[in-house]
Amino acid sequence: MLDSATVKQWARDCGADLVGIGSMDRFEGAPKDCDPRYIFPGAKAIVGLAFRVHRGLLRGIEEGTFFAAYPALGYANINDVHAPMVLRKLGSLIEDNGYEAMLYSNTSVRFGTNQGKPVSPDKPRPDVFLHFRIAAFICGLGEIGYSKVFLTPQFGPRQRFAFLLTDAPLEADPLYSGPRLCDRCKRCVADCPAAAISGERTVKVTVAGRQVEWGELDEDKCSIGWQAASPEYNPFANEAIADLMQSALDDTRPKAERAAYMHYVAGRLRQDFSYSRAGWDSFHHPGAICGGRGCVRACMVHLEEKDRLQNRFHQPFRTQQPWCLRGGKA
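Residues numbered from 1 in each chain as written. Predicted model: local features only at pLDDT ≥ 70, side-chain atom pairs only at ≥ 80, totals over all residues. Heavy atoms only, no water.

**Student:** What exactly am I supposed to notice about the packing of helix α1 (residues 4-14) against helix α3 (residues 69-96) here?
**Tutor:** What describes two packed helices is the angle between their axes and the distance between those same axes. It is at 9 Å that the axes of α1 and α3 come closest, and there the two elements cross at 145°. Two packed elements cross with a definite hand, and for α1 against α3 that hand is right-handed. Of the residues in α3, those touching α1 at Thr6, Val7, Trp10, Ala11 and Cys14 are His82, Val86, Lys89, Leu90 and Leu93. When grouped by side-chain class, the residues that make up the contact of α1 with α3 number 7 nonpolar, 2 polar and 1 charged. (Axes fitted to C-alpha atoms, helices over the stretch in contact; angles between N-to-C directions. Helix = DSSP H or I, 4+ residues; strand = E, 2+ residues; numbered from the N terminus. Left-handed = near helix turned anticlockwise from the far one by under 90°. Contact = heavy atoms within 4.5 Å. Nonpolar A, V, L, I, M, F, W, Y, C, P; charged D, E, K, R; others polar.)

**Student:** Just checking my understanding: could you explain α1 for this structure?
**Tutor:** In an α-helix, one turn spans 3.6 residues, which is why side chains three or four residues apart end up on the same side. Inspection of α1 places Ser4, Val7, Lys8, Ala11 and Cys14 among the buried residues, and these make up the whole buried set. Down the axis of α1, the sector holding all buried residues measures 130°, keeping them to one side. Set apart from the buried face of α1 by more than 90 degrees, the exposed residues are Ala5 and Asp13. Those residues of α1 that are buried are in contact with β1 (18-23), β2 (45-52) and α3. (Buried < 20%, exposed > 50% of the residue type's maximum accessible area, 1.4 Å probe, protein only. Arc of directions from axis to C-beta.)

**Student:** Even after reading the chapter, I still don't get the state of the cysteines, so can you show me in this structure?
**Tutor:** Two cysteines joined by a covalent bond between their sulfur atoms form a disulfide. In total, this model carries 0 disulfides according to the counting rule given. The cysteine Cys139 is free of any disulfide, with Cys34 supplying the nearest cysteine sulfur at 16 Å. A residue is classified by how much of its surface remains accessible, and Cys139, at 0% relative accessible area, is buried. Of the cysteine sulfurs around Cys182, a residue in no disulfide, the closest is that of Cys185, at 6.6 Å. The exposure class assigned to Cys182 is buried, which follows from its relative accessible area of 12%. (Disulfide = S-S within 2.5 Å.)

Dropping the structure here:
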């Protein structure tokens, strides 16, 4: 009979770095638009797979000399090549044993989530969006940090996820209860080039009977910062793009009032900012110029300094003052 140990070992053998299993009842209370039980009502378990982002893929951005590795290999390769192949192999194992496997990768968001019409009054709009960070928490893989980036005890913020829903009666792992990873140092807030993470306002949700909290995230500014950082951290931007970025990041209007403008800025970046356009054209991801300056790199540096991660290195990641342009803060 197929069991959890077999599933987890097979997933690791196929290339997943971490594997966790959660029970579907842990989604109780989730918004309908984000509840995967509407995707597969007969599912009994969700299998979460984590794929490490190699620390070395952040090295070139840290030095300010090579930005291409992170979006190409830290995003596109995992999301579009490696993770789907592991999902496929794991799904085949499960279906060879007579159970159904519904594979879910984050490429689904490109089709548009919650955009369609409900096919019946009791169902949410398609496509239902699986909240990856909450799903990873439900699978017992770690915790959500203050930045809203998911942290594992093995790699901190350095991983991407994929998931599988199945009606196989797999035993669930417990929720993560190890040493607290995020100590609310808020280096993510201080170092985010888009100032997208609030240092005061937080979001609280209850998941599987536990309250989970993170800093309120300005998704519009996060998206612009991710694609193009801010002028002092983007060596590829000409003056027109730098001015456009800065105008968007300085916009203090409520989200609803500035929505059309942010959409315009995102379109301009995709069309007129050559580095971002090349990323979209090459592998369906923008250039990720910020390189997770706050939510990934500053967080990782802090967690490594505190010796909280199991993936240890002989040398520290940060060995000198971080670079910046235009007189910005390092």
